[in-house]
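Tertiary structure, described
Here are the chains, one letter per residue:
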Amino acid sequence: GGEMAISAVATRVANSLSDELEYIKTDMTDRGLVIGELIENRNDYKLPEYVKYNKTEVYRVTAKEGRVADHELWISVMEEERYYYVVTMITPGRLGEFYTWARNSEAFQTVVESFKLP
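For the structure given in this document, a descriptive report is provided here. The structure displayed is predicted, hence computed values, not measured ones.

Reading guide: rules and limits
Every chain's residues receive numbers from 1 upward, in the order its sequence appears when written. Local features in this predicted model are restricted to residues whose pLDDT is 70 or higher, and side-chain atom pairs enter the listing and the counts only when it is 80 or higher, whereas totals over whole chains, interfaces and linings include all residues. No hydrogens and no water enter the side-chain calculation; it runs on all heavy atoms of the structure. Counting from the N terminus, the helices are the DSSP runs of H or I reaching at least four residues and the strands are the DSSP runs of E reaching at least two. Any N or O atom pair separated by 3.5 Å or less is treated as a polar contact, with the protein-specific requirement of one donor-capable and one acceptor-capable atom, and with residues adjacent in sequence counted only for side-chain atom pairs. We call two residues in contact whenever any of their non-hydrogen atoms come within 4.5 Å of each other. Expected helix span is taken as 1.5 Å per residue step, with the number of steps being one fewer than the number of residues. We call a residue buried when its accessible area falls under 20% of the maximum for its residue type, exposed when it is over 50%, and partly exposed in between, using a 1.4 Å probe and counting protein chains only. Of all possible arcs, the one meant is that of the directions from the helix axis to the C-beta atoms.

For the rest of this paragraph, the subject is the environment of E57. By secondary structure assignment, the location of E57 is in strand 3 (residues 53-63). With 31 residues separating them in the primary sequence, E57 and T88 have C-alpha atoms 9.8 Å apart. At 3.1 Å, the side chain of E57 forms a polar contact with the side chain of K55.

Rendered as C-alpha coordinates:
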(Lines give C-alpha, C1' and ligand atoms only; values in the text may rest on other atoms or scores of the structure.)
Protein backbone atom coordinates (compact mmCIF):
# COMPACT_ATOMS: atom_id res chain seq x y z
CA GLY A 1 0.00 0.00 0.00
CA GLY A 2 0.83 3.64 -0.06
CA GLU A 3 -0.85 7.00 -0.46
CA MET A 4 0.03 9.71 -2.98
CA ALA A 5 -1.36 13.24 -3.32
CA ILE A 6 -0.74 16.02 -5.84
CA SER A 7 -1.56 19.69 -5.36
CA ALA A 8 -1.06 22.85 -7.38
CA VAL A 9 -1.14 26.34 -5.90
CA ALA A 10 -1.00 29.54 -7.94
CA THR A 11 2.16 31.49 -7.11
CA ARG A 12 0.11 34.71 -6.94
CA VAL A 13 -2.02 33.19 -4.15
CA ALA A 14 0.60 31.32 -2.12
CA ASN A 15 2.92 33.18 0.20
CA SER A 16 5.96 31.06 -0.56
CA LEU A 17 7.05 27.55 -1.33
CA SER A 18 8.33 27.12 2.22
CA ASP A 19 4.85 28.05 3.52
CA GLU A 20 3.35 25.33 1.32
CA LEU A 21 5.81 22.80 2.74
CA GLU A 22 4.91 23.83 6.28
CA TYR A 23 1.22 23.39 5.43
CA ILE A 24 1.91 19.83 4.28
CA LYS A 25 3.91 19.00 7.39
CA THR A 26 1.14 20.45 9.60
CA ASP A 27 -1.44 18.38 7.72
CA MET A 28 0.60 15.23 8.36
CA THR A 29 0.84 16.09 12.06
CA ASP A 30 -2.93 16.73 12.19
CA ARG A 31 -3.43 13.25 10.74
CA GLY A 32 -1.52 11.78 13.67
CA LEU A 33 1.82 11.27 11.94
CA VAL A 34 5.20 12.21 13.34
CA ILE A 35 7.76 13.31 10.78
CA GLY A 36 11.17 12.01 11.79
CA GLU A 37 14.65 12.49 10.43
CA LEU A 38 15.51 13.26 6.83
CA ILE A 39 16.54 10.00 5.15
CA GLU A 40 17.67 11.40 1.81
CA ASN A 41 17.36 14.05 -0.86
CA ARG A 42 16.45 12.82 -4.34
CA ASN A 43 17.84 15.13 -7.00
CA ASP A 44 17.94 12.72 -9.92
CA TYR A 45 14.51 13.36 -11.44
CA LYS A 46 14.39 14.60 -15.04
CA LEU A 47 12.11 17.64 -15.31
CA PRO A 48 11.33 20.13 -18.08
CA GLU A 49 13.53 23.23 -18.28
CA TYR A 50 10.63 25.56 -17.40
CA VAL A 51 10.67 24.13 -13.88
CA LYS A 52 12.58 26.87 -12.05
CA TYR A 53 13.01 24.94 -8.81
CA ASN A 54 12.57 21.37 -7.68
CA LYS A 55 13.44 19.48 -4.54
CA THR A 56 12.54 16.02 -3.26
CA GLU A 57 13.05 14.99 0.35
CA VAL A 58 12.35 11.67 2.06
CA TYR A 59 11.56 11.54 5.80
CA ARG A 60 10.99 8.71 8.24
CA VAL A 61 7.38 8.73 9.52
CA THR A 62 5.72 7.11 12.51
CA ALA A 63 2.32 7.53 14.13
CA LYS A 64 1.64 9.19 17.46
CA GLU A 65 -0.49 6.21 18.39
CA GLY A 66 1.99 3.61 17.11
CA ARG A 67 -0.21 2.35 14.25
CA VAL A 68 2.30 3.31 11.56
CA ALA A 69 5.81 1.92 11.86
CA ASP A 70 8.69 2.07 9.39
CA HIS A 71 7.01 4.33 6.84
CA GLU A 72 8.43 7.15 4.75
CA LEU A 73 7.07 10.52 3.66
CA TRP A 74 8.22 11.65 0.24
CA ILE A 75 7.75 15.34 -0.63
CA SER A 76 8.59 16.73 -4.06
CA VAL A 77 8.13 20.44 -4.75
CA MET A 78 8.35 22.07 -8.14
CA GLU A 79 8.01 25.69 -9.14
CA GLU A 80 7.28 27.15 -12.52
CA GLU A 81 6.18 30.66 -13.43
CA ARG A 82 2.50 30.35 -12.45
CA TYR A 83 2.26 27.46 -9.97
CA TYR A 84 3.88 25.56 -7.16
CA TYR A 85 3.32 21.82 -7.50
CA VAL A 86 3.67 19.48 -4.56
CA VAL A 87 3.63 15.69 -4.75
CA THR A 88 3.55 13.74 -1.50
CA MET A 89 3.62 10.04 -0.79
CA ILE A 90 3.43 7.95 2.35
CA THR A 91 4.86 4.49 1.75
CA PRO A 92 5.98 1.53 3.82
CA GLY A 93 9.70 1.93 4.50
CA ARG A 94 12.55 0.36 2.57
CA LEU A 95 13.71 -1.64 5.58
CA GLY A 96 10.40 -3.35 6.35
CA GLU A 97 8.69 -3.84 2.99
CA PHE A 98 11.34 -3.40 0.34
CA TYR A 99 9.27 -4.68 -2.60
CA THR A 100 6.34 -2.34 -1.83
CA TRP A 101 8.74 0.54 -1.19
CA ALA A 102 10.56 -0.06 -4.50
CA ARG A 103 7.29 -0.17 -6.44
CA ASN A 104 5.99 2.97 -4.73
CA SER A 105 9.22 4.94 -5.16
CA GLU A 106 9.22 4.05 -8.87
CA ALA A 107 5.60 5.22 -9.18
CA PHE A 108 6.48 8.45 -7.38
CA GLN A 109 9.33 9.13 -9.80
CA THR A 110 7.01 8.48 -12.76
CA VAL A 111 4.44 10.96 -11.42
CA VAL A 112 7.06 13.66 -10.77
CA GLU A 113 8.77 13.21 -14.13
CA SER A 114 5.39 13.29 -15.93
CA PHE A 115 4.96 16.91 -14.83
CA LYS A 116 3.67 19.09 -17.69
CA LEU A 117 2.37 22.64 -17.76
CA PRO A 118 -1.44 22.78 -17.86
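With that settled, consider the side chain of S76. Along the chain, S76 turns up in strand 4 (residues 71-79). A polar contact of 2.8 Å, which involves the side chain of S76, links it to the side chain of T56. Residue contacts for S76: discarding those within four places in its chain leaves K55, T56, Y85, V86, V87, F108 and V112.

What follows deals with helix 2 (residues 98-113). The end-to-end C-alpha distance of helix 2 is 22 Å, a good match for the 22 Å that 16 residues give at a rise of 1.5 Å each. Taken residue by residue, helix 2 has T100, W101, N104, S105, F108, Q109 and V112 as its buried positions. Seen end-on, helix 2 carries its buried residues on one side only, within an arc spanning 165°. With respect to the buried face of helix 2, the exposed residues turned more than 90 degrees away are Y99 and E106. Where helix 2 is buried, its residues touch strand 1 (3-10), strand 3, strand 4 and strand 5 (83-92).

Spatial relationships are all this shows, so hold off on functional conclusions.
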